[in-house]
Amino acid sequence: MTNDRNAIADIWGGRTPYGPGESWPARVDMHLAEGVTEADVQRWVRTASLLHSNGDAMDIAVRDGKIVGVRGRADDIVNRGRLGPKDLYGWQANASPDRLTQPLIRQGGRLVRCDWDTAMNRIVAQSKDLLGTHGPSAIAFYTSGQLFAEEYFTLAAIGHGAIGTNHMDGNTRLCTATAAAALKESFACDGQPGSYLDVDHADVIAMFGHNVAETQPVLWMRVLDRLAGSQPPRLICVDPRDTHVARAARDSGGVHLAPLPGTNLALMNGLLHEIVANDWVDHAYVQANTVGWAELRERVAEYPPDRVARICGIDAAAIRTAAGVLGKAQRLLSTVLQGFYQSHQASAASVQVNNLNLIRGQLGRPGAGILQMNGQPTAENTRECGADGDMSGFRNWSNDAHVADLAKHWNLEIKQIPHMTPPTHAMQMFRYIEQGSIKMLWVSATNPAVSLPELARIRSILGQERLFLVVQDIFPTETTELADVVLPAATWGEKTGCFTNACRVVHLSERAVEPPGEARADLDIFLDYARGMDFRDKDGKPFPAWHDAPSAFAAWAASTQGRPCDYTGLSHDVLRERVSGVPWPCNAEHPDGTERLYADGKFSAAPDYCESYGRDMVTGAPFEASDYKALNPDGKAILRAGEYLPPHEAPSGEYPLVLITGRTVYHFHTRTKTGRVAELQQAAPEIWVECSAGDARRAGLAEGDLAEISTARGAVRARLRITGVRNGVLFLPFHYGYWDRPGAEHSRAANELTQTDWDPVSKQPLYKTAAAALAKVPEGADPVVPVQPTRASTGAMQ
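The paragraphs below set out a description of the structure included in this document. Remember, it's a predicted structure, so these values are computed and weren't measured experimentally.

### Some remarks on the side chain of Gln192
Right, on to step 1. The residue Gln192 is located in the loop between helix H4 (177-187) and strand S10 (204-208) in this model.
Right, on to step 2. We classify Gln192 as buried; its relative accessible area is 2%.
Right, on to step 3. A distance of 2.6 Å separates a polar atom in the side chain of Gln192 from the backbone nitrogen of Gln372.
Right, on to step 4. When sequence neighbours within four positions are dropped, the list of residues in contact with Gln192 reads Leu183, Ile370, Leu371, Gln372, Met373, Ala502, Cys503, Arg504 and Leu597.

Laid out in structure tokens, this is it:
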């Protein structure tokens, strides 16, 4: 069956019901350019989606050297042929007429066109000068969750190995850092334990701060099809908004919990309290596979439902009911995303989700799993390859043997790789730039001038004359406007490489068409820089040793041998020949990949093997190797307890509400791609604000009124939507910046309002606990166009 639906109005398509233990039926979604039929397509080229973390496998339709559409891959375990709105329409952004097609350099205060040699020579000269005068710590790299594994591995090799800087991170710090941190705290190593296949078996699916219907619509299609089949699962939803997921949870016989933002840890402790008090604990599993049980039991005893209800502002009876659903589940799948990740105790709360599955023995078998989700399509690779500050191959920065092992793979001296202090996270990097110790920043495939918190400060930092700013991107953005050098990059469909989705499934994305103008693949740009800098390995040979995407992947795969993310069974040729999508580890022992980690109760947590010795849940201070060996000498899973603390910025008389930010199904990141696609842009053309009917009435506002939302950092204006969000909470989508409003005042981007603060463990910024005020703006005071509510935001249910 091929489905060419209107995915703007019909986001999730028709149902293909199935029961527990059955395979998810295939349904092939397709969209071709107007007037093009399947018979007109000359080539279909294998790839996967690069506009969310789900990794939907698809083929690109090519005709006369141009992309003319996409079609889902029915054989892939991730999506079984289905595609979401951004998958179906997003490819059109590649052909946008305002693509960057030629390098730019700043001259006389203006960006002017130049050739590649001129642009790269300026970067190389600046780099050499800084290395000679200030050392490696004067240079920093800030990358993305949208490049390919080969590119991240190369960037990590250049930054950590050749230059020797400790300043490297990705915008994945904003969306996936807590996923990695929570997994490291519980399993001493990153790596998603569960699989999307667990949806096919679960009798309870719990979504903690995970609005899957909009962030991963194809995964939600899978859940909807289970709900439509025999023996449907019950759902638990934790979200202050009354979303599609929340309504489905209630309809399924499950529970929707809407806690106050910033109280997730208290809620999780309350749920665990009830599970322990009712002895819904798999004591044999806990005894055999975990450490820390006594401390966890003692901590959650302090959080009876009545106390938690007062903290979270929800009904104690609902907490008990939800705990009963979770405690009696036979196959429990737990998922987590930004609702938990972007708060002040993000890691501690997310770790309690891991604890929930561990003490219930719900791990490593069909339907029993944990999915600490990612926000971006290749965020998993940023972490694996070390482009976010982690060490390549999930190695441990605090273990000298691991550093030596990586140095051997790179053929560098160990002393070239900085490892005396923890790597610098993004928020700290921008502080160092502000203070002047970092003097050159290379930004690739991201737009911090819209995505980072407290934008007035970020614009001030990036606009400093003493900072040399390089930006590598495919479109002009708010960040390229501040750059000294702009490099035009190729994108998805214009280059070849691999990337891995949120449940470890690896896809090969093939080059389908030529990039526009002089745009180049990010890998080629990094390698060109390396050759310009004349980096050498310890034998005097050019470094990195690889020269193209297949050889870069081969080097990356070889470096993972024996590590948890073992890619040694994969290559471009293998991925090209296989059934679409292979989950790592894939090696001689597991030639077809591995659906679930820890199925045998063996974890990657032995003291000499683990990626992390853990951190204090309150302060974030790292533990030493000796502390870890004393706690966990046998390498078991770790039950870490957490004490609830109130948010740093509480509502006040001046700012009585709590602002949270989030996503819409139609847009990605800062809308630089999706805002250039007619279908997606028209579906959600303008920012809006959501509040409850009660809060609207108290502010004197009605549906559609123009409102001003303010915090201690600034104010933005948006049309009001009255929704089911709980009282006391405002919601703003964060996608909207200023690239399509040149010269406009800074009154549109949600991050004008968010705060410079972060979770102590993951260092992920806080986007969901800002104290805010809401007021009516007189009509005629702002030219903002009225907003037509879309299907996704008005709550229409399939």
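### Overview of the packing of aromatic side chains
Right, on to step 1. Counted under the stated rule, the structure contains 19 aromatic pairs.
Right, on to step 2. With centroids separated by 6.0 Å and ring planes inclined at 65 degrees, the aromatic side chains of Phe394 and Trp584 adopt a geometry described as edge-to-face. With Phe394 in the loop between helix H15 (379-385) and helix H16 (400-410) and Trp584 in the loop between strand S21 (582-583) and helix H23 (625-631), the pair connects residues that are 190 residues apart, well separated along the chain. Residues Phe394 and Trp584 agree in their burial class; the two are buried.
Right, on to step 3. Ring centres of Tyr613 and Tyr628 lie 5.6 Å apart, and the angle between their planes is 40 degrees; this geometry places the pair in the tilted category. Of this pair, Tyr613 sits in the loop between S21 and H23 while Tyr628 is found in helix H23, placing the two residues 15 residues apart along the sequence.
Right, on to step 4. According to the relative accessible area criterion, Tyr628 is buried, its value standing at 1%.
Right, on to step 5. An aromatic cluster of at least three residues, connected via ring pairs, comprises Phe153, Trp410, Phe543, Trp546, Phe553, Trp556 and Tyr567.
Right, on to step 6. The ring centre of Phe475 lies 4.1 Å from the NZ or CZ of Arg676, which sits over that ring.
Right, on to step 7. It is Arg721 that lies over the ring of Trp688; its NZ or CZ is 3.9 Å from the centre.

### Considerations on the sheet that holds strand S8 (residues 139-143)
The pairing of strands in a sheet happens through backbone hydrogen bonds and is either parallel or antiparallel.
Right, on to step 1. As summarised here, the arrangement of the seven strands in space is S7-S6-S18-S17-S16-S8-S9, forming an open sheet in which the pairing is mixed. The sheet is open, and its two edges are formed by strand S7 (110-113) and strand S9 (168-170), each paired on a single side. If you compare each strand with its neighbour and ignore which way they point, the axes differ by 20 degrees on average.
Right, on to step 2. In terms of strand pairing, strand S6 (residues 104-107) meets strand S18 (residues 485-488) through two bridges, oriented antiparallel.

### Considerations on the side chain of Asp225
Right, on to step 1. Following the sequence through the fold, Asp225 ends up in helix H6 (residues 217-228).
Right, on to step 2. With residues near it in sequence (within four places) discarded, Asp225 still touches Gly14, Arg15, Thr16, Pro17, Tyr18, Trp24 and Arg82.

### Section: the pairing of strand S2 (residues 28-32)
Consecutive residues of a regular strand have side chains that alternate between opposite faces of the sheet.
Right, on to step 1. Judged by how many residues are buried, S2 sits mostly within the fold: five of five residues are covered.
Right, on to step 2. Across the two faces of S2 the burial is the same, with Val28, Met30 and Leu32 and Asp29 and His31 all buried.
Right, on to step 3. In this structure, S2 lies alongside strand S5 (residues 66-72), joined through three bridges in antiparallel fashion. Paired with His31 across the strands is Val70, a residue of S5.

### Digging into the packing of helix H8 (residues 264-277) against helix H12 (residues 316-328)
Right, on to step 1. Relative to each other, H8 and H12 sit at 60 degrees, their axes nearing to 9 Å. In this structure, H8 meets H12 at a crossing whose hand is right-handed. Across from Leu267, Gly270, Leu271, Glu274 and Ile275 in H8, the residues of H12 making contact are Ile319, Arg320, Ala322, Ala323, Leu326 and Gly327.
Right, on to step 2. Here the residues of the contact of H8 with H12 sort into seven nonpolar, two polar and two charged.

### Remarks on the packing of helix H17 (residues 426-435) against helix H19 (residues 455-462)
Right, on to step 1. Direction vectors running N to C along H17 and H19 enclose 55 degrees, while the axes themselves pass 9 Å from each other. Between H17 and H19, the interaxial angle falls into the category oblique. Every pair of crossing elements has a handedness; the one defined by H17 and H19 is left-handed. Across from Phe430, Arg431, Ile433 and Glu434 in H17, the residues of H19 making contact are Arg457, Ile458, Ile461 and Leu462.
Right, on to step 2. Class assignment of the residues belonging to the contact of H17 with H19 gives a composition of five nonpolar, no polar and three charged.

What counts, and where the lines are drawn
- Residues numbered from 1 in each chain as written.
- Predicted model: local features only at pLDDT ≥ 70, side-chain atom pairs only at ≥ 80, totals over all residues.
- Heavy atoms only, no water.
- Helix = DSSP H or I, 4+ residues; strand = E, 2+ residues; numbered from the N terminus.
- Buried < 20%, exposed > 50% of the residue type's maximum accessible area, 1.4 Å probe, protein only.
- Polar contact = N/O pair within 3.5 Å; in protein donor to acceptor, adjacent residues only side chain to side chain.
- Contact = heavy atoms within 4.5 Å.
- Phe/Tyr/Trp six-rings, centres within 6.5 Å; stacked < 30°, edge-to-face > 60°.
- Lys NZ or Arg CZ within 6 Å of the ring centre and 35° of its normal.
- Pairing = 2+ DSSP bridges.
- Axes fitted to C-alpha atoms, helices over the stretch in contact; angles between N-to-C directions.
- Left-handed = near helix turned anticlockwise from the far one by under 90°.
- Nonpolar A, V, L, I, M, F, W, Y, C, P; charged D, E, K, R; others polar.
- Parallel < 35°, antiparallel > 145°, perpendicular 65-115°, else oblique.

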